[in-house]
Amino acid sequence: MGNIIATGFNAASKTGEVDSLEADLRALAEIGVDTVELGVTTLDVIAGGRIMRDRADRLVAMARSFDLRYTVHGLVSSNFMDPTTCRYQLDAAKALVELCDRLEARILVQHSGSLRADQIFDRSEADSREREALLELADFAKPYGVRIALENIFTTEPGQYRQTPAQVAETVKAVNHPNVVALIDFSHAYIESTYRGLNFREQIAAMAPVAGHLHLHDSFGRPQGFYKGFHPQENTAMGLGDLHMPLGWGDIEWESIFSELDFLPGTIAMMEIGARYRAEQPECLERARRLMAINSSDPAIAAE
């Protein structure tokens with residue numbers, strides 16, 4: 001049996017209200033999904049680091065009405081390297097840990113940090129600031145049984161300070177806490193490897209031994225650069241940027257990757273392929289389940 005225990009899709013609210021998220025969950029349940037990553041910060045359930053109890057109660061009641069396993073995506077803007085907002089982000093992240101517990105979600109996704117080009121005087125302490133914040137959050141999360149999954153991101157502006165995927169793995173190792181794991185976002189790693197002239201497969205291989213959560217979506221590993229498509233579909237047509245396409249639409253060699261890498265026990269392979277690709281989601285679900293089988297130590301299962 002492999003260490004990947006489940007796969008599924010992310011879901012979010014389009015309106016800031018629970019009923020919009022509920023509609024997304026219902027659609028996913030109807031195609032046979034059993035695990036969902038909730039974009040909780042698309043809902044107005046936290047204000048100034050405090051949980052808005054009435055809204056949170058509605059969220060939890062709705063989520064429990066489905067027979068689904070949950071993980072939670074934290075702030076998409078999360079950035080523990082930022083000296084100005086780090087404290088506020090920690091307060092929000094701790095509230096999200098409490099929500100994870102109420103939702104019986106045992107993974108909270110945290111994006112790895114960055115600094116702008118003009119924050120040059122903050123760079124000497126950026127890595128240590130992130131590590132200290134992760135340690136504080138992990139200590140808070142430990143009694144709840146929630147693991148913080150540190151996700152590799154890619155450079156988004158010229159001169160930005162950003163860790164490579166391998167360096168994100170080093171951060172996880174340096175924090176050395178049972179409640180902090182790495183999150184491999186394969187497409188992010190592909191884009192950053194292209195941008196920096198790194199070996200993509202070597203970068204994700206460096207993350208795998210400490211990876212306890214995965215984000216799957218396809219791309220061509222082409223940095224966005226300065227091109228901005230008018231419609232999102234124009235970026236897809238060009239194959240540029242962080243496209244979040246269905247598996248097989250890009251050129252990531254999924255089967256080869258999952259036949260080679262081992263991850264931590266209890267890993268979930270979460271597909272960030274949203275409602276825009278609802279028609280393709282059932283096929284993606286079957287392919288992800290085959291990847292789980294390939295990654296399993298039982299060759300008979302992989303052959304089925």
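The rules behind each value
- The numbers attached to residues start from 1 for each chain and follow its sequence in the written order.
- pLDDT decides what is reported in this predicted model: residues at 70 or higher carry local features, side-chain atom pairs at 80 or more are listed and counted, and totals for whole chains, interfaces and linings draw on all residues regardless.
- Side-chain measures were taken over the full set of non-hydrogen atoms in the model, leaving aside hydrogen atoms and water.
- Salt bridge, as applied in this entry: a Lys or Arg side-chain nitrogen positioned within 4 Å of an Asp or Glu carboxyl oxygen.
- For the purposes of this entry, the term helix denotes a DSSP run of H or I that reaches at least four residues, the term strand denotes a run of E that reaches at least two, and both are numbered from the N terminus.
- Any residue under 20% of the maximum accessible area for its type is buried, any over 50% is exposed, and the rest in between are partly exposed; the area is computed with a 1.4 Å probe on protein chains only.
- The set of buried Ala, Val, Leu, Ile, Met, Phe, Trp, Tyr and Cys residues whose side-chain atoms join them within 4.5 Å is what this entry labels a nonpolar core.
- Any two residues having at least one pair of non-hydrogen atoms within 4.5 Å are treated as being in contact.
- Pairs of N or O atoms within 3.5 Å make up the polar contacts considered here, provided that, within protein, one atom can donate a hydrogen while the other can accept it, and that residues adjacent in sequence are counted only when both atoms are side-chain atoms.
- Centre distance within 6.5 Å is the pairing criterion for rings of Phe, Tyr and Trp, where only the six-membered ring of Trp is used; planes under 30 degrees apart are then read as stacked, over 60 as edge-to-face, and the remainder as tilted.
- Here, over-ring charges are defined by two tests on the NZ atom of lysine or the CZ atom of arginine: distance to the ring centre within 6 Å, and angle to the ring normal within 35 degrees.
- Lines fitted to the C-alpha atoms define the axes, with helices restricted to the stretch that makes contact. Angles between their N-to-C directions range from 0 to 180 degrees.
- Handedness of a helix crossing follows the sense of rotation of the near helix relative to the far helix, less than a right angle counterclockwise being left-handed and clockwise being right-handed.
- Any helix carries an expected span of 1.5 Å times its number of residues minus one.
- In short, DSSP must find at least two bridges between two strands for them to pair.

### Some remarks on the pattern of salt bridges
Think of it this way: side chains of opposite charge can pair up when their charged atoms draw near. Considering all chains together, one arrives at 17 salt bridges under this definition. Taking the shortest distance from any N to any O, the salt bridge between glutamate 98 and arginine 53 comes out at 3.9 Å. Here the residue glutamate 98 occupies a position in helix 3 (residues 86–103), and arginine 53 occupies one in helix 2 (residues 53–64), the gap between them amounting to 45 residues. Between glutamate 286 and arginine 289 there is a salt bridge, and its shortest N-O distance comes to 3.4 Å. On the criterion of helical spacing, the pair formed by glutamate 286 and arginine 289 is a turn pair, its members being three residues apart in helix 10 (residues 281–295). Exposure remark for glutamate 286: the relative accessible area of 42% places this residue in the partly exposed category. Several salt bridges share partner residues, and in doing so they unite Arg87, Asp91, Lys94 and Glu136 into one network.

### What to know about the nonpolar core
Where a protein is soluble and globular, its nonpolar side chains tend to be buried together. Judged by nonpolar contacts, the single largest core of 79 residues is most densely connected at Leu25, Phe186, Leu214, Leu216, Phe258 and Phe263. Top contributing element to this core by residue count: helix 3, with nine residues. Counting five residues, the second largest nonpolar core, distinct from the first, contains Ile107, Val109, Val181 and Leu183.

### Concerning the environment of aspartate 101
Relative to the assigned elements, aspartate 101 resides in helix 3. Residue classification places aspartate 101 among the partly exposed residues on the basis of a relative accessible area of 29%. Residues aspartate 101 and alanine 141 lie 40 residues apart in sequence; the distance between their C-alpha atoms is 9.2 Å. Excluding anything up to four places from it in sequence, aspartate 101 contacts Arg106 and Tyr144. Among the polar contacts listed, one links the side chain of aspartate 101 to the side chain of arginine 106, at a separation of 3.1 Å.

### Brief notes about the packing of aromatic side chains
In total, this model carries seven aromatic pairs according to the counting rule given. The interplanar angle of 40 degrees and the centroid separation of 5.5 Å between the aromatic rings of phenylalanine 140 and tyrosine 144 together place this pair among those described as tilted. Its relative accessible area of 26% is what places tyrosine 144 among the partly exposed residues. Aromatic pair tryptophan 249 and tyrosine 277: ring centres 5.2 Å apart, planes at 75 degrees, arrangement edge-to-face. Taken as a pair, tryptophan 249 in the loop between helix 8 (232–238) and helix 9 (254–260) and tyrosine 277 in the loop between strand 12 (267–271) and helix 10 lie far apart in primary sequence, 28 residues in all. Since its relative accessible area comes to 41%, tryptophan 249 is described here as partly exposed. Cluster of aromatic residues (ring-pair linked, three or more members): Phe186, Trp254, Phe258 and Phe263. Cation over ring: arginine 222 sits above phenylalanine 220, and NZ or CZ is 4.8 Å from the ring centre.

### Some details on the packing of helix 2 against helix 3
Running from N to C, helix 2 and helix 3 cross one another at 35 degrees; their axes reach a closest spacing of 10 Å. When the axes of helix 2 and helix 3 are compared, the crossing they make is right-handed. Between helix 2 and helix 3, the residues in contact are Arg53, Ala56, Asp57, Leu59, Val60, Ala63 and Arg64 and Glu98, Leu99, Arg102 and Leu103, respectively.

### Some details on the side chain of threonine 35
By the element assignment, threonine 35 lies in strand 2 (residues 35–39). Among the polar contacts made by the side chain of threonine 35, one reaches the side chain of aspartate 34 at a distance of 2.9 Å. If we ignore the near neighbours within four places in the chain, the residues touching threonine 35 are Ala6, Thr7, Gly8, Phe9, Leu68, Arg69, Ile268 and Met270.

### Description of helix 10
Taking 1.5 Å of rise per residue, 15 residues should cover 21 Å, and helix 10 covers 21 Å from first to last C-alpha, within 8% of that figure. Listed as buried for helix 10 are Gln281, Cys284, Leu285, Arg287, Ala288, Leu291, Met292, Ala293 and Asn295.

### Topic: the sheet that holds strand 8 (residues 147–151)
One closed barrel accounts for eight strands, arranged 1-2-5-6-8-10-11-12; its pairing is parallel. Between one strand axis and the next, the sheet turns through 30 degrees on average, direction left out of account. Pairing geometry for strand 8 and strand 10 (residues 180–185), over four bridges, is parallel. When the sheet's bridge partners are listed, glutamate 151 is paired in strand 10 with leucine 183. Packing against the sheet, helix 4 (residues 126–141) makes contact with strand 6 (107–111), strand 8 and strand 10, and its axis sits at approximately 150 degrees to strand 8.

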